[in-house]
Amino acid sequence: MTMKHFNLFLITLIVGTSSVFAQSQATKRADKHFSRLEFVKAAADYESLVSKGKADTYVYARLADCYYNVFNTVSAESYYAKALETSDDPELKYKYAQMLKANGKYDASNAAMREFASMRPGDQRATAFLANPNYIPSIVGGGQKFNIQNLDLNTEGSDFGGTLQGDKLFVTSSRNSQRRTYGWNNEPFLDIYQFTASKDGSYGAEQLMGPTINTQFHEGVVSFSPDGNTMYLSRESFYEKEFVKDSLTRNKYSVLQLFKSEKQSTGWSEATPLSLNSKTYSVKNPAVSADGKTLFFASDMPSGYGGFDIYKAAINQDGSIGEAENLGQRVNTEGQEMFPFSSASGTLYFSSDGHLGLGGLDVFFTSEVGGKMMKVRSAGVPVNSAADDFAFHLDESNGSGFVSSNRPGGKGSDDVYALKQLEPICDVSVLVTVKDASTGATLAGALVSLRDGDDNLVYTATADDNGQVTLDLPCDVNTKLQGSMTNYENGSLDLAGSFEESVAVDLNLNPIDNLIVGDMVVLNPIYFGFDKSNITAKAAFELDKLVAVMQKYPQIKIYATSHTDRRGSDSYNMRLSDRRAKTTVQYVISKGIDESRIEGVGKGETELKDDCKSCTEAQHQSNRRSEFKIIEGNPKQ
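Residues numbered from 1 in each chain as written. Predicted model: local features only at pLDDT ≥ 70, side-chain atom pairs only at ≥ 80, totals over all residues. Heavy atoms only, no water.

**Things to note about the environment of Leu358**
Okay, step 1: One can find Leu358 in the loop between β20 (348-352) and β21 (362-366).
Okay, step 2: With relative accessibility at 3%, the residue Leu358 sits in the buried group.
Okay, step 3: As for Leu358 and Asp388, which are separated by 30 residues in sequence, their C-alpha atoms are 9.4 Å apart. (Helix = DSSP H or I, 4+ residues; strand = E, 2+ residues; numbered from the N terminus. Buried < 20%, exposed > 50% of the residue type's maximum accessible area, 1.4 Å probe, protein only.)

**Concerning unusual backbone geometry**
Okay, step 1: Of the consecutive residues Val381 and Pro382, the connecting peptide bond is found in the cis state with omega at 5°.
Okay, step 2: Note on placement: Pro382 falls in the loop between β24 (377-378) and β25 (389-395).
Okay, step 3: For Phe339, which is not a glycine, the phi torsion comes out positive at approximately 50°.
Okay, step 4: Counting through the fold element by element, Phe339 comes out in strand β19 (residues 337-342).

**Topic: the packing of aromatic side chains**
Okay, step 1: Taken as a whole and judged by the stated rule, the model has 17 aromatic pairs.
Okay, step 2: For the pair Tyr67 and Tyr79, a centre-to-centre distance of 6.1 Å together with 15° between the ring planes defines the contact as stacked. With a gap of twelve residues between them, Tyr67 in helix α5 (residues 57-69) and Tyr79 in helix α6 (residues 73-84) connect regions that are remote in the sequence. Like Tyr67, the residue Tyr79 is buried in the burial classification.
Okay, step 3: Members of the aromatic cluster, connected to one another through ring pairs, are Phe146, Phe341, Tyr349, Phe365 and Phe392. (Phe/Tyr/Trp six-rings, centres within 6.5 Å; stacked < 30°, edge-to-face > 60°.)

**Focus on the state of the cysteines**
Okay, step 1: If you walk through the whole model with that rule in mind, you get one disulfide.
Okay, step 2: Linked covalently through their sulfurs, Cys612 and Cys615 form a disulfide whose S-S length is 1.8 Å. Handedness here is read from the sign of the S-S torsion; for Cys612 and Cys615, about 100°, the answer is right-handed. Across the pair, exposure class does not vary: Cys612 and Cys615 are buried alike. (Disulfide = S-S within 2.5 Å.)

**Concerning the nonpolar core**
Okay, step 1: The biggest cluster of nonpolar side chains holds 38 residues, and the ones touching the most others in it are Tyr46, Cys66 and Tyr80.
Okay, step 2: Taken together, the elements giving at least two residues each to this core come down to α3 (28-35), α4 (39-51), α5, α6, α7 (90-102), α8 (106-119) and α9 (124-131).
Okay, step 3: Broken down by element, this core gets its largest block of residues, nine residues, from α5.
Okay, step 4: Within the second largest apolar cluster, 26 residues are counted, among which are Leu546, Ala548, Val585 and Ile630. (Core = buried A, V, L, I, M, F, W, Y, C linked by side-chain atoms within 4.5 Å.)

**Points about the side chain of Thr230**
Okay, step 1: For Thr230, the location among the structural elements is in strand β9 (residues 230-236).
Okay, step 2: Owing to a relative accessible area of 11%, Thr230 belongs among the buried residues under this scheme.
Okay, step 3: Only 2.8 Å separates the side chain of Thr230 from the side chain of Glu262, close enough to count as a polar contact.
Okay, step 4: Non-local contacts of Thr230, meaning those with residues more than four positions away in its chain, are made with Ser223, Phe224, Ser225, Lys260, Ser261, Glu262 and Trp268. (Polar contact = N/O pair within 3.5 Å; in protein donor to acceptor, adjacent residues only side chain to side chain. Contact = heavy atoms within 4.5 Å.)

**A closer look at α5**
Okay, step 1: With 13 residues, α5 should reach 18 Å at 1.5 Å per residue; the first-to-last C-alpha distance of 18 Å fits that figure.
Okay, step 2: Burial analysis of α5 places 13 of its 13 residues in the buried class, the great majority of the element.
Okay, step 3: Taking the backbone nitrogen of Tyr58 as reference, a side-chain oxygen 3.2 Å away marks Asp56 as the first, capping residue of α5.
Okay, step 4: After α5 finishes, the residue Phe71 shows a positive phi value of roughly 55°. (Expected span 1.5 Å × (residues − 1).)

**Things to note about the sheet that holds strand β17 (residues 309-314)**
Okay, step 1: With respect to topology, four strands assemble into an open sheet ordered β15-β16-β17-β18, the strand pairing being antiparallel. Edge strands, defined here as strands with exactly one partner in the open sheet, are β15 (283-288) and β18 (325-326). (Pairing = 2+ DSSP bridges.)

**Concerning a positive patch on the surface**
Okay, step 1: A cluster of basic side chains, namely Lys28, Lys32, Arg36 and Lys41, defines a positive patch on the protein surface.
Okay, step 2: Tracing the backbone shows Arg36 in the loop between α3 and α4.
Okay, step 3: A residue is classified by how much of its surface remains accessible, and Arg36, at 37% relative accessible area, is partly exposed. (Patch = residues over 30% accessible without salt bridge, like charges linked within 9 Å, V, L, I, M, F, W, Y side chains within 5 Å. Areas by Shrake-Rupley, 256 points an atom, 1.4 Å probe, with all protein chains shown as cover. Salt bridge = Lys/Arg side-chain N within 4 Å of Asp/Glu carboxyl O. Lys, Arg positive; Asp, Glu negative; His and termini not counted. Charge placed at Lys NZ, Arg CZ, Asp CG, Glu CD.)

**With respect to the pattern of salt bridges**
Note that side chains of opposite charge can pair when their charged atoms are close.
Okay, step 1: One pass over the structure, following the stated rule, counts 29 salt bridges.
Okay, step 2: Note that Glu607 is salt-bridged to Lys603, the shortest N-O span being 3.8 Å.
Okay, step 3: Overall, Glu607 belongs to the partly exposed group, its relative accessible area being 37%.
Okay, step 4: Between Arg625 and Glu627 there is a salt bridge, with the nearest N and O atoms lying 2.8 Å from each other.
Okay, step 5: Residue Arg625 is classed as buried on the basis of its relative accessible area, which comes to 14%.

This is how it looks when you write it as structure tokens:
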């Protein structure tokens, strides 16, 4: 049972996908199970309709949602595909992409995500994907920073949420066979268990927490105050006799609420509800900051960005809880963000299916700098997998911790894994100041772009009134900054990885007029691939400078020539250079420059800059060039 299975209140999200299609008398029995979150029984009834030839878009979508919620990714993928044959529902498309990714079909998943993005261009999940569609290699190939190992305490049921307090490990589990089973997956209701750590690193002395903590309903993950004397936990609202009753089905739906219990000489006190609780929405997954002053949690309260968002609230000196504050769109997406954890250094870890990951829920992390949440990053493999990965905890003093997952190869539906950190996960805060290279004046409104080692665009920001942008970057990764602004030449700066907490750099932009030298617009070399004439990202970066000059001076007309070195036949070089010249012209026109203002001709090897006989590679390179001559409207003449 994944954490999805623990969220009774997700019924509105699940039904929201399928209810756009028509129910019928034939689906009445299956729909009843579905509305009660009895997905195993519902799936069997919907499958029966399929076998009888009575399936339609509604049935396929419901079947897919059933399997999605019990993490049968293969069946979910199959039925989402069937539903999408006759539906263009964006959320179905998104879930289909997620299931493809969970099944390791990354190319097909990306194709589905591109279709989703065309349906929902303003959705944060879509914009994040389009900004970095080749993100999976960077996650998988980012280097293994942890080792993980399945714990012996896991059962065939659900075990998750390892929280270590002193020598006691607290785990949420469905192992209590004395409890009633829950229709979602036919496992017993969840209880909180305590285990004792041994010197050899194992955990034993299993103990079911008492009735002041556990009830006949679900209890969830726990967190502790720094002194270990206050426990915060999630609990189902049925215990408080609070629920919403569906007027049509008469089903009762609970929410999750937060409680706290005080450690006493005789054990833990009766858990009392927090002021954050509501009858109409859930608050869950408590996480206390290292200084004990902030409570992080997840909630689907109104006015959030998606399903569940991460919030924080002050823990006052008298133990009361302040107002909930959403962590904002840098952290929260239109998807689900849950299971926050705040480390001793203030790094915030959480799980999400809305940020770019490997499939299902992945663990991500960020930090707050100057009151702003920094760029969210993946914890990488093996912490993350194609399945659900959540409830991450890390003791930064010794590099040990826990993560929960329903990945293949485990003992049960959810397992707790011990983890050991191999390399630090860290960020460096980079303060970029964009300046005029000639005067040193700061350039407010300049556009700053960040590219990774493979030249993929990762992030774009606009400089503030001081000409500054703050970026939160991986400390051990080399990146490149690019800057652009009207009337200035594009500038770039290579950033080497740094383990400093903060770094300040200047990104200098030359006034665009500096590119005009005599009757030429002088650019850096325009690089093409071998025997290629298409415009590359590097070529576009340079050609954008030419575009900027022509935009500033609309009277300018350009004669572009492309030259080769002397290797290859004369005729081959002439054809290749002409293709490159024509492609160059087309790129400039595509940027809004009228075609009457630029023409391009290939010169092959007819105008060698260095008429060498036995040329060095440097001499060959000087001959391979593009030149841009101002034939009319030169502003400097």
